[in-house]
Amino acid sequence: NRMEWWESVCENDPKINIQKVQPENSQLSDLDGETRQTVEKMMYDQRQKAMGKPTSEEEKKNEILEKFKRSHPEMDFSQAKISM
């Protein structure tokens, strides 16, 4: 299984104690542009959720809905029950 940690580097080698593995600290500036953008979006969404605010995806959906409402003033949305 490719998603599991190896018990050892080679067969019959001592087992790796993953409790002792210390990942290196990294900076956002160390990441390539696409990865950095993804990480920043995840961090933003995490902060928004912690504050009880909408995530970037929920904000995007809300903007689309509001744009639709503005472009269709003939429609009455006052009784609409819309969940995001």
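What you see is a predicted model, and the numbers here were worked out from it, not measured in a lab. (Residues numbered from 1 in each chain as written. Predicted model: local features only at pLDDT ≥ 70, side-chain atom pairs only at ≥ 80, totals over all residues. Heavy atoms only, no water.)

(A) Focus on the environment of Pro54. Mapped onto the elements of the fold, Pro54 is located in the loop between helix 1 (33-50) and helix 2 (56-71). Excluding residues that lie within four positions of it along the chain, Pro54 makes contacts with Gln48 and Glu59. (Helix = DSSP H or I, 4+ residues; strand = E, 2+ residues; numbered from the N terminus. Contact = heavy atoms within 4.5 Å.)

(B) Structural detail: the side chain of Gln48. Inspection of the secondary structure assignment puts Gln48 in helix 1. On the basis of relative accessibility, which here comes to 8%, the residue Gln48 falls in the buried class. (Buried < 20%, exposed > 50% of the residue type's maximum accessible area, 1.4 Å probe, protein only.)

(C) Representation of the environment of Gln19 in the model. Residue position: Gln19 is located in the segment before helix 1. Among the residues examined, Gln19 registers a relative accessible area of 66% and is labelled exposed. With 37 residues separating them in the primary sequence, Gln19 and Ser56 have C-alpha atoms 35 Å apart.

(D) Spotlight on the pattern of salt bridges. Scanning the entire structure with this criterion turns up four salt bridges. Residue Lys41 pairs with Asp45 through a salt bridge whose shortest N-O separation is 3.3 Å. Of this pair, Lys41 and Asp45 are both found in helix 1, four residues apart, which corresponds to roughly one turn of the helix. By relative accessible area, Lys41 is classed as partly exposed at 42%. Put simply, Glu66 and Lys69 hold a salt bridge, and the shortest N to O gap is 3.5 Å. Within this pair, Glu66 and its partner Lys69 are both found in helix 2, separated by three residues, close to a single helical turn. When its relative accessible area of 31% is taken as the criterion, Glu66 is described as partly exposed. (Salt bridge = Lys/Arg side-chain N within 4 Å of Asp/Glu carboxyl O.)

(E) How the structure looks around the packing of aromatic side chains. For the coordinates displayed, the defined rule picks out one aromatic pair. Where Phe68 meets Phe77, the ring centres are 6.1 Å apart and the plane angle is 80 degrees; that geometry is what we call edge-to-face. You can call Phe77 partly exposed: its relative accessible area is 21%. (Phe/Tyr/Trp six-rings, centres within 6.5 Å; stacked < 30°, edge-to-face > 60°.)

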